[in-house]
Amino acid sequence: MKTYIVTGGAGFIGSNLARRLIKEGYKVYIIDDLSTGFLRNVPEGAMFCKADISDFKQLQMIELPDKIDCVFHLAAQSSGEASFDDPARDIDVNYKGTYNMLKLAEMKHSQRFIYTSSMSVYGEVTGMNIYIDETYNCTPISYYGSNKLASEQVISLYTRTSTIKATIFRLFNVYGPGQNMLNMKQGMASIYMSYIMNNEPILVKGSLERFRDFIHIDDVVDVLIHSEGCPETYGEIFNVGTGLKTTVSELLRVILRVYNKEEFDQWVICSGNTAGDVTGLIADNNKLRNALKWNAKVNIEEGIYKMKNWIDETMEWWRN
Ligand SMILES: NC(=O)c1ccc[n+]([C@@H]2O[C@H](COP(=O)([O-])OP(=O)(O)OC[C@H]3O[C@@H](n4cnc5c(N)ncnc54)[C@H](O)[C@@H]3O)[C@@H](O)[C@H]2O)c1
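Engineer: What is the right way to look at the nonpolar core in this model?
Structural biologist: Here is a general trend for soluble globular proteins: nonpolar side chains tend to be buried in one another's company. I13, L17, F72, F169 and L224 are the most contacted members of the largest nonpolar core, which totals 33 residues. Considering every element that reaches this core, the biggest residue donor is helix 6 (residues 217-228), with six residues. Residues in contact with L17, not counting those within four places in the same chain, are V6, F72, L74, V221, L224 and I225. Within the second largest apolar cluster, 29 residues are counted, among which are M188, V248, L251 and M307.

Engineer: How should the site of the ligand be read in this particular structure?
Structural biologist: For the ligand, the set of nearby residues contains 30 residues, the closest of which are I13, D32, L74, S78 and Y144. At a separation of 3.1 Å, a nitrogen atom of the ligand approaches a polar backbone atom of D33. Side-chain polar atom of K148 to an oxygen atom of the ligand: 2.8 Å apart, as the coordinates give it. In the complex, the protein chains occlude 96% of the 830 Å² of accessible area that the ligand would expose alone. Class assignment for the residues of the shell around the ligand results in 14 nonpolar, 11 polar and five charged.

Engineer: Explain the sheet that holds strand 7 (residues 165-171) to me, please; I cannot follow it from the model alone.
Structural biologist: Paired through their backbone hydrogen bonds, the strands of a sheet run either parallel or antiparallel. Spatial ordering of the open sheet is given by 3-2-1-4-5-7-12, a layout of seven strands whose pairing is parallel. Each edge of the sheet is formed by a strand with only one pairing partner; in this case those strands are strand 3 (47-50) and strand 12 (236-240). Taking the axes of each pair of neighbouring strands and ignoring which way they run, one obtains an average angle of 20° across the sheet. Of the pairings in the sheet, the one linking strand 4 (residues 70-73) to strand 5 (residues 112-118) comprises four bridges and is parallel in character.

Engineer: Mind showing me how you'd approach the packing of helix 7 (residues 248-258) against helix 10 (residues 300-313) here?
Structural biologist: Angle between the axes and distance between the axes: these two values describe a pair of packed helices. Where helix 7 contacts helix 10, the two axes come as close as 10 Å, and the packing angle between them is 50°. In terms of orientation, helix 7 lies oblique with respect to helix 10. The way helix 7 lies across helix 10 gives a crossing that is right-handed. Between helix 7 and helix 10, the residues in contact are L251, V254, I255, R257 and V258 and I300, E301, I304, Y305 and K308, respectively. Classifying every residue of the contact of helix 7 with helix 10 gives seven nonpolar, no polar and three charged.

About the criteria used
- Residues numbered from 1 in each chain as written.
- Predicted model: local features only at pLDDT ≥ 70, side-chain atom pairs only at ≥ 80, totals over all residues.
- Heavy atoms only, no water.
- Core = buried A, V, L, I, M, F, W, Y, C linked by side-chain atoms within 4.5 Å.
- Buried < 20%, exposed > 50% of the residue type's maximum accessible area, 1.4 Å probe, protein only.
- Helix = DSSP H or I, 4+ residues; strand = E, 2+ residues; numbered from the N terminus.
- Contact = heavy atoms within 4.5 Å.
- Near = heavy atom within 4 Å.
- Polar contact = N/O pair within 3.5 Å; in protein donor to acceptor, adjacent residues only side chain to side chain.
- Areas by Shrake-Rupley, 256 points an atom, 1.4 Å probe, with all protein chains shown as cover.
- Nonpolar A, V, L, I, M, F, W, Y, C, P; charged D, E, K, R; others polar.
- Pairing = 2+ DSSP bridges.
- Axes fitted to C-alpha atoms, helices over the stretch in contact; angles between N-to-C directions.
- Parallel < 35°, antiparallel > 145°, perpendicular 65-115°, else oblique.
- Left-handed = near helix turned anticlockwise from the far one by under 90°.

Written out as structure tokens, the structure is:
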């Protein structure tokens, strides 16, 4: 049976990934400091290890088997906006934490290291073309984006002289069940749905004409799992998005429709801006589709509908 480490496994994407790996019969060790994640997210059957990835001594103290097949490194301070509150901590977690996890992966003879980077590495896109491929110039405009880019670079440097085969995924806007509905600084869909969950008008910080490439969590988990044993992804960087453009206004209309609240002007208030925010960019996902023979399956209407059902089911979590 293969054994995996999933860092950030008490968070949104990590817990969904760990749950699927366990369901498929693998052994999973989760490393998380619970700074933004929740113990209740940790799936049954996972070994949970509470540790801060920015502190290598804590990582060395975790009881792990001698051989790990793959490290899925997802733990992060995951908000561009919050990275301006404490840039030094962002460097510790998002950059040094990645270096520490590479060292741990090598100690545990891991052949694979899969890293969730972000579309934030690209920064603001200029020019007419909004469909961005992996060769596009990286000019991050948040500490978060800059530390994600630095992590990508340290991964490629480190793996040059080791036997670890790494794959880097630049995730676009991931949404779906498992998001933190109390975090108002990360996740556009979850932030807007939090307002509706509390029966309050949605505060939109920025233009309604901004746009994003929203990808459902199930599609992202498919990519992460299938890449593990796919040699075409070794040593490569991939955009992970649907390739489809959705404006903020379109997203809001889908959310309001799913909640049977059709009066847009009554439910949406636009005011201010968000630090480190961009107008928009869409994933050119050709490289990923060719390498993995993958296509996104969940459309935005269906995805938001599934998410609403999950929010309804977990309502008491968010009220206490
Ligand atoms: N959600 C998105 O749309 C999106 C987009 C692009 C990239 N990503 C990346 O995907 C990964 C997962 O994101 P997410 O949305 O699940 O975020 P999340 O905040 O829900 O999960 C991150 C997890 O990491 C843990 N963590 C934070 N600091 C830690 C530390 N020092 N030591 C150990 N654990 C720590 C948190 O407790 C949390 O459980 C992150 O690397 C994020 O940057 C996410």
